[in-house]
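# A structural walkthrough
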Amino acid sequence: MESVDLPILDGAPVDGNLMMIGNMGSGMAEDDAVEIERISHHVDDMIAKVDELEQRVNEVEQFYLTLSKKQPNNSKGSSVVKEKDEEKHISSIKKQQQDATRREAASAKRMQELMRQFATILRQITQHKWAWPFMEPVDVEGLGLHDYYEVIDKPMDFSTIRNQMEAKDGSGYKNVREICTDVRLVFKNAMTYNDERSDVHVMAKTLLAKFEEKWLQLLPKVIEEETRLKEEEAEAQRDMQLAQEAANAKMARDISSELCEVDMHLEELREMVVQKCRKMSTEEKRKLGAGLSQLSPEDLNKALEIIAQKNPSFQATAEEVDLDMDAQSESTLWRLKFFVREALEGSGKSSVSRGGNDNSNSKRKKEICDALAKTAKKRSKKLSS
């Protein structure tokens, strides 16, 4: 949001950034003071509105920055939400969240069924006559296995697995593969610690082979469920992204509309202030004309655009311009004055050599000077006659 230059109220300057209007002089009438207070409230309201819009712009910008990082090389293939589809996607955000909850519940139910089938396999293994050494944690102290924890990183047994499977506090297994990993660990720990000729090693190796045989029968169902879950999650993520893009696109359009409203209110405020302005003196107009001739080509074009805003017939881009300061409205004159002052101050602070631009600048300056001189000459003839 660009700062707005406001003119002078009864001889007192107005802050160009619309922060406040004050220092009006001790002789101001009471109704003027009330008017100034009302304008100040308008300014405060607009500042608050602009701050809010800026925050929303930052949110939209952050969303698209994040999106571009996720899809750095997929600009052509990225999802494009048509305006007519935005409402549908926006309203579907809540539905997407509800669907995700239902999908997670259905997936958890299917996984519970797989765990039930896995529990049948586990029961068959634990009922084998050779399963007894693996049913409870290894009695390290009782058996005098002083180096056990140096050899085995993570002890495991079937009673620990069963407790994890039956846990209700959320600390249990999340899927069948986690249980499968721990069942294998039971036998591999035994085979790692015990000599391969020992009974425990042979028992563990035999039961592991039986378990792997039964696990292969269940594995296709596990893979099918995992594939389904990945596809559902990917689809849900795409739908949610579409909904978020639609919401942010709508927010961007809303922000644009509200910025137009702010501009309109600023213009109304400017006109409100202009009604309280004193008229610019002849000397001030002369100085303003001199200031215009000192502007850079870029700033000069901006100044001419300011004139054209209130004077549609004025050709700001014409090769020759005819500037009559007396024909300009007070609003235009004061806006020009503040613009010229800021432009000259800015160019003074950052004065650098412009090289090839000097010729263009000099040419345009000459055009303005000639136009002002021409207008002044016409006015002198009228006065003398």
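Residues numbered from 1 in each chain as written. Predicted model: local features only at pLDDT ≥ 70, side-chain atom pairs only at ≥ 80, totals over all residues. Heavy atoms only, no water.

The name an unreviewed UniProt entry assigns to the protein chain is Transcription factor GTE6 isoform X2, from the organism Nelumbo nucifera.

Oppositely charged side chains can form a pair if their charged atoms are brought close together. Evaluated as defined, the whole model comprises 17 salt bridges. With its nearest N and O atoms 4.0 Å apart, the salt bridge here joins Glu52 to Lys49. Highlighted residues: Glu52 and Lys49, both in helix 1 (residues 30-70), separated by three residues, approximately one helical turn. You can call Lys49 partly exposed: its relative accessible area is 27%. Between Glu283 and Arg286 there is a salt bridge; the shortest N-O distance is 2.6 Å. Remark: Arg286 and Glu283 occur in helix 7 (residues 282-292); sequence separation between them is three residues, near one turn of the helix. Owing to a relative accessible area of 39%, Glu283 belongs among the partly exposed residues under this scheme. Bridged by salt links that share partners, the residues Lys49, Glu52, Arg56 and Glu258 form one connected network. (Salt bridge = Lys/Arg side-chain N within 4 Å of Asp/Glu carboxyl O. Helix = DSSP H or I, 4+ residues; strand = E, 2+ residues; numbered from the N terminus. Buried < 20%, exposed > 50% of the residue type's maximum accessible area, 1.4 Å probe, protein only.)

Counting across every chain of the model gives six aromatic pairs. Seen in terms of ring centroids, Phe118 and Trp215 are 5.9 Å apart; in terms of plane orientation they differ by 75°. Their pairing is edge-to-face. Within this pair, whereas Phe118 is found in helix 2 (residues 83-126), its partner Trp215 is found in helix 6 (residues 199-274), the two being separated by 97 residues in sequence. Of the residues examined, Trp215 reaches a relative accessible area of 3% and is grouped as buried. (Phe/Tyr/Trp six-rings, centres within 6.5 Å; stacked < 30°, edge-to-face > 60°.)

The biggest cluster of nonpolar side chains holds 30 residues, and the ones touching the most others in it are Phe158 and Phe187. Contributing elements (two or more residues each) for this core: helix 2, helix 4 (158-166), helix 5 (176-193) and helix 6. No other element matches the nine residues that helix 6 contributes to this core. If sequence neighbours within four positions are ignored, Phe187 has contacts with Ile125, Phe134, Phe158, Ala204, Leu207, Leu208 and Phe211. (Core = buried A, V, L, I, M, F, W, Y, C linked by side-chain atoms within 4.5 Å. Contact = heavy atoms within 4.5 Å.)

With that settled, the discussion passes to helix 5. The end-to-end C-alpha distance of helix 5, which contains 18 residues, comes to 26 Å, matching closely the 26 Å that a straight helix rising 1.5 Å per residue would cover. For helix 5, the complete set of buried residues consists of Val176, Ile179, Cys180, Asp182, Val183, Val186, Phe187, Asn189 and Ala190. The opening residue of helix 5, the one whose side-chain oxygen lies 3.1 Å from the backbone nitrogen of Arg177, is Asn175. (Expected span 1.5 Å × (residues − 1). Polar contact = N/O pair within 3.5 Å; in protein donor to acceptor, adjacent residues only side chain to side chain.)

Let us look at the side chain of Asp157. Looking at where Asp157 falls in the secondary structure, it is placed in the loop between helix 3 (148-151) and helix 4. At 7.0 Å, Arg162 is the nearest oppositely charged side chain to Asp157, a buried residue that forms no salt bridge. A polar contact of 2.3 Å, which involves the side chain of Asp157, links it to the side chain of Ser159. Ignoring anything within four residues of it in the chain, the contact list for Asp157 reads Phe134, Met135, Glu136, Pro137 and Val186. (Lys, Arg positive; Asp, Glu negative; His and termini not counted.)

Before going further, it helps to spend a moment on the packing of helix 4 against helix 5. Two numbers describe how helix 4 lies on helix 5: the axes approach to 10 Å, and their chain directions differ by 170°. Considering their axes alone, helix 4 and helix 5 lie roughly antiparallel with respect to each other. Contacts between helix 4 and helix 5 pair Phe158, Ile161 and Met165 from the former with Ile179, Asp182, Val183, Val186 and Phe187 from the latter. Among the residues making up the contact of helix 4 with helix 5, the classes are represented as seven nonpolar, no polar and one charged. (Axes fitted to C-alpha atoms, helices over the stretch in contact; angles between N-to-C directions. Parallel < 35°, antiparallel > 145°, perpendicular 65-115°, else oblique. Nonpolar A, V, L, I, M, F, W, Y, C, P; charged D, E, K, R; others polar.)

On to helix 7, then. Restricting attention to buried positions, one finds in helix 7 the residues Glu284, Lys285, Leu288, Gly289, Gly291 and Leu292. Down the axis, helix 7 shows its buried residues gathered within 160° of arc, on one side only. For helix 7, the exposed residues lying more than 90 degrees away from the buried face are Thr282 and Lys287. (Arc of directions from axis to C-beta.)

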